[in-house]
Every structure is written in C-alpha cells, then in structure tokens.
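Reading the structure
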Amino acid sequence: MKTIIFDVDDTLYDQAISFYRTFKKLVNENRTYEELDAIYRLSRKYSEQLFDQSEKGEITVFDWQTGRFIKALDDFNISISSNTAAEFHEAYKEEQARITLFPEIKELLSILKQQDKQLAVLTNGEEQHQTMKIKQLELAKWIPNENIFISGSHGIAKPNREIFDIVKDKLDCDPAETVYVGDSFEKDIIGAKKAGWQAIWMNHRKREIPNNSEFYPDIELQHAKDLLSYFTGH
Ligand SMILES: [Mg+2]
C-alpha cells in the first residue's frame, strides 16, 4: 500500500473516555462499566443516524448534538432535558479537548512516515470541531495539512462516494494502492469499498456486520496494537 488514510474519531483515539467522564460529571446515576459502554455505543449509533438527518437539513445541528445523548440515555431509562443534553454536549466537547492518540497509533504513524507512505485523514464532522481534535492529537507531526479532509469543509460526508473521490483526486493516489482505516462499518468500510479502496475495519467495539451486507472489510482488527502489527509484520 502506498497511501494510508485514517478516520479520526474512535479510530485514532478512544472516544469513549470523553463520554465516560462527561457522564460521571453530569448524570447522577451509578452505572457499571458495561452499562456505560452500552450507553456510549448507543449514543454513537444515534449520532450517526442524526448526523445523516442534519446533513440532509431535516433536523438542526443542535438536534443532532443533543438528540444522540437524549435517545441513548432514554434507552437506559435515564431521562434528560434538552438543556441538560446541551450541557452534556458542551462538557463532552471540553473533554474532547483532552484526547490523546492510542500509543500504538502514534508508533504506527511514525513508522509509516519513515517509510515515506502517503498519509492522510478523512473525517466526518464540523470543520472547527474536527480541526480542534486534530490539533489536540498533534497529527501535524505525521500528516501534512493539505492531506487533512473534513466533511464539513466540503459539504459532503462519508459514506458518500463523492468525498472519497475528492480525497483521491487531491492526493492523486491509486485506489488499488490506497487503504482506509476506520471504525464505522456503515461510514468507513462501505464508503471506502464503494470507492474501490482497500478497507481495514478497526472494530474495537466488536460490532456485527449487518446481515446481507453488499460490502466487507478486507481486514478486520480489534485493537490498535493489531493495526500496528498488521503494518509492521511483528
Ligand atoms: Mg470514527
């Protein structure tokens, strides 16, 4: 592979940590780690659904940002007001200003850079918010600014074919020699496969492939250390 392109959220860092901290701060409930993890995964599922709706203009960005928490907590019989959900979103954003790369990802980026691979990032979300996270993760150490692609800056998001083609054209890379690494089956794997790229599924939340899926990842891994091993061969 000549070109390796990464998703950001929950691929390069553990997005759940920000959620756990926010939950403990704002929700007055004692829940087990397993429950918290389940609520977190639900919030991601709702986030993706509502993000799509907000992209289509069916709901506001505010409804996406708050609705994902309202719905996920509601599934666990925790009811929060729209105000608390807004506070949750703000606190979650603050927590995201403290994120750090999985250590194995840090090592992997350094190795790939040394090997002169073409490295890039393709992430869904608002330009400002994603840029903040990319800065916090210090991705500029390994990835040039022009190789950072944020859906919000282009008005088109994964899994839409168009955004993958924009990246391919800007990087001037060969799809057959390009691999995309992401945690979302629907956004990352389906999107990359439709665009003719190789796809590595960082399935560390151990999700299931939907029944009768038309597309499959080329590789499925469950830990950042497995990704490091995959590329380094040890
Ligand atoms: Mg992701």
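Below you will find a few notes about this structure.

Cut-offs applied
- Residues numbered from 1 in each chain as written.
- Predicted model: local features only at pLDDT ≥ 70, side-chain atom pairs only at ≥ 80, totals over all residues.
- Heavy atoms only, no water.
- Helix = DSSP H or I, 4+ residues; strand = E, 2+ residues; numbered from the N terminus.
- Buried < 20%, exposed > 50% of the residue type's maximum accessible area, 1.4 Å probe, protein only.
- Contact = heavy atoms within 4.5 Å.
- Areas by Shrake-Rupley, 256 points an atom, 1.4 Å probe, with all protein chains shown as cover.
- Salt bridge = Lys/Arg side-chain N within 4 Å of Asp/Glu carboxyl O.
- Donors = N, O, S within 2.8 Å, 3.2 Å for Na, K, Ca; no water.
- Pairing = 2+ DSSP bridges.
- Axes fitted to C-alpha atoms, helices over the stretch in contact; angles between N-to-C directions.
- Phe/Tyr/Trp six-rings, centres within 6.5 Å; stacked < 30°, edge-to-face > 60°.
- Expected span 1.5 Å × (residues − 1).
- Arc of directions from axis to C-beta.
- Right-handed = clockwise from strand over helix to strand, strands pointing away.

The next subject is the overall build of the chain. Secondary structure assignment for the chain yields ten helices and six strands. Each of the three principal axes of the chain carries a C-alpha extent, and together these read 50 × 40 × 35 Å. A burial count over the chain gives 50% of its 234 residues as buried. For the chain, the proportion of contacts with a sequence separation of at least 24, taken over those separated by at least 6, is 64%. Summed over all atoms, the accessible surface of the chain reaches about 11500 Å², with 45% contributed by carbon and sulfur.

All right, on to the pattern of salt bridges then. As enumerated under the stated definition, the model contains 20 salt bridges in all. Two residues, Asp9 and Lys133, come together in a salt bridge whose shortest N-O distance is 2.9 Å. Of the two residues, Asp9 is situated in the loop between strand 1 (3–6) and helix 1 (16–26) and Lys133 in helix 6 (residues 127–136); the sequence distance between them amounts to 124 residues. We classify Lys133 as buried; its relative accessible area is 2%. Through salt bridges with shared partners, a single ionic network connects Asp10, Asp14, Asp37, Arg41 and Arg205.

Around the magnesium ion, the protein contributes the donor atoms Asp7 (OD), Asp9 (O) and Asp183 (OD), which lie 2.1 to 2.2 Å from the metal centre. The sequence pattern describing where the donors of the magnesium ion fall on their chain is D-x1-D-x173-D. Taken as a pair, Asp7 and Asp9 share a single burial class, namely buried.

In this section: the sheet that holds strand 5 (residues 198–202). Spatial ordering of the open sheet is given by 3-2-1-4-5-6, a layout of six strands whose pairing is parallel. Single-partner strands in this sheet number two, and they are strand 3 (148–150) and strand 6 (219–221). Taken pair by pair, the neighbouring strands of this sheet meet at an average axis angle of 20°, ignoring direction. Relative to the sheet, helix 5 (residues 103–114) contacts strand 1 and strand 2 (118–123), its axis offset from that of strand 1 by approximately 155°. Here helix 9 (residues 185–194) sits on the sheet in contact with strand 4 (178–182) and strand 5, set at roughly 165° to strand 5.

So, on to the packing of aromatic side chains. In this structure the tally under the stated criterion is 13 aromatic pairs. Where Phe19 meets Phe23, the ring centres are 6.4 Å apart and the plane angle is 35°; that geometry is what we call tilted. Of this pair, Phe19 and Phe23 both sit in helix 1, four residues apart, which is roughly one turn of that helix. Neither residue differs from the other here; Phe19 and Phe23 are each classed as buried. Centre to centre, the rings of Phe69 and Tyr92 are 5.4 Å apart; their planes meet at 80°, and the pair counts as edge-to-face.

A word on helix 5. Owing to its 3.6 residues per turn, the α-helix aligns residues three or four sequence positions apart on the same side. For helix 5, built from twelve residues, the straight-helix expectation of 16 Å at 1.5 Å per residue is met to within 8% by its first-to-last C-alpha distance of 17 Å. Here helix 5 has its buried residues at Ile105, Leu108, Leu109 and Leu112. The buried residues of helix 5 occupy an angular sector of 100° when projected down its axis, which confines them to one face. In helix 5, the exposed positions angled more than 90 degrees off the buried face are occupied by Pro103 and Gln114. Positive backbone phi, at 65°, marks Asp116, one or two positions downstream of helix 5.

Here we come to the pairing of strand 2. Of all six residues that make up strand 2, five are buried, and the element is covered over most of its length. Bridge count for strand 1 against strand 2 is four bridges, and the pairing is parallel. Residue pairing for strand 2: Phe6 is matched across the bridge by Val121. Across three bridges, the pairing between strand 2 and strand 3 is parallel. By the bridge assignment for strand 3, Thr123 is matched with Ile150. In the classification by handedness, the crossover that spans strand 2, the intervening helix 6 and the parallel strand 3 is right-handed.

None of the figures reported here should be taken as evidence of function without further support.
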